[in-house]
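# Architecture and fold: a report
Given next are the chains, with one letter for each unit.
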Amino acid sequence: MEKKPYESYGFKLKDKVEIRIDKVNCKGKVFFEPKHPRYSIGSTIQAKFIEHSTEKDKFEEERHILIVEDPDGNRSTIRTTNDDQRDINYKPDYINCVVDGISKGCLILRSIGD
C-alpha cells in the first residue's frame, strides 16, 4: 500500500489497521483500502468550496462541477445538483456533503441540501 495517500490517517509502523477490499481488477490483483480514522461511508461533512469548473462525462458531454476541499485538505469534485449551484455567482464558504466512498485516502463526496 502506498504511504502518501494515507499520511493524514496518522498510522505508525507496526500499527494494526482495519482494511477492506476496494476492488479486484481483471487480472486478479486485489486493492486494499484502510479504514478511515474519522469518516465512513454515509458520514456527512462540510467541504470547503474552492471553485466552479467543468469536466466531460463518459459521453464526452461537458458538465458543471464544483471543486471542494475535504477536512483533510484533499480536493475533490462534486456534481452540481441544481441550477443555483451552476450559477457562477454561487460561492458558499462550505457545502454540506455525504461521503459516498473512500479511495486512496480521498473522500468521494456528493452534495446534499442546497
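Structure: see above.
So, a few notes on the structure that sits alongside this text. Just so we're clear, the structure is a prediction, and the values are computed from it rather than from any experiment.

Taken in spatial order, the 5 strands make up an open sheet running 5-4-3-6-7, and their pairing is antiparallel. Two strands bound the open sheet, and with one partner strand each, they are strand 5 (75–79) and strand 7 (106–111). Within this sheet the neighbouring strands show an average axis-to-axis angle of 50 degrees, counted without direction. Where strand 3 (residues 44–56) lies against strand 6 (residues 94–103), 5 bridges are found, and the strand directions are antiparallel. Bridging from a neighbouring strand, I45 pairs with C97 of strand 6.

With respect to the helices and strands, the residue N82 is situated in the loop between strand 5 and helix 1 (83–86). A distance of 2.8 Å separates the side chain of N82 from the backbone nitrogen of Q85, its partner in a polar contact.

Looking now at the pattern of salt bridges. Taken as a whole and judged by the stated rule, the model has 6 salt bridges. Put simply, D72 and R38 hold a salt bridge, and the shortest N to O gap is 2.7 Å. Pair noted here: D72 is in the loop between strand 4 (62–69) and strand 5 and R38 is in the loop between strand 2 (30–34) and strand 3, with a separation of 34 residues, a long-range link. For R38, a relative accessible area of 41% corresponds to the partly exposed category. Residue D100 is joined to R110 by a salt bridge in which the shortest nitrogen-to-oxygen separation is 2.9 Å. A residue pair is termed long-range when its members are at least 10 positions apart, and D100 in strand 6 and R110 in strand 7 qualify at 10 residues.

The rules behind the values
Residues numbered from 1 in each chain as written. Predicted model: local features only at pLDDT ≥ 70, side-chain atom pairs only at ≥ 80, totals over all residues. Heavy atoms only, no water. Pairing = 2+ DSSP bridges. Helix = DSSP H or I, 4+ residues; strand = E, 2+ residues; numbered from the N terminus. Axes fitted to C-alpha atoms, helices over the stretch in contact; angles between N-to-C directions. Polar contact = N/O pair within 3.5 Å; in protein donor to acceptor, adjacent residues only side chain to side chain. Salt bridge = Lys/Arg side-chain N within 4 Å of Asp/Glu carboxyl O. Buried < 20%, exposed > 50% of the residue type's maximum accessible area, 1.4 Å probe, protein only.

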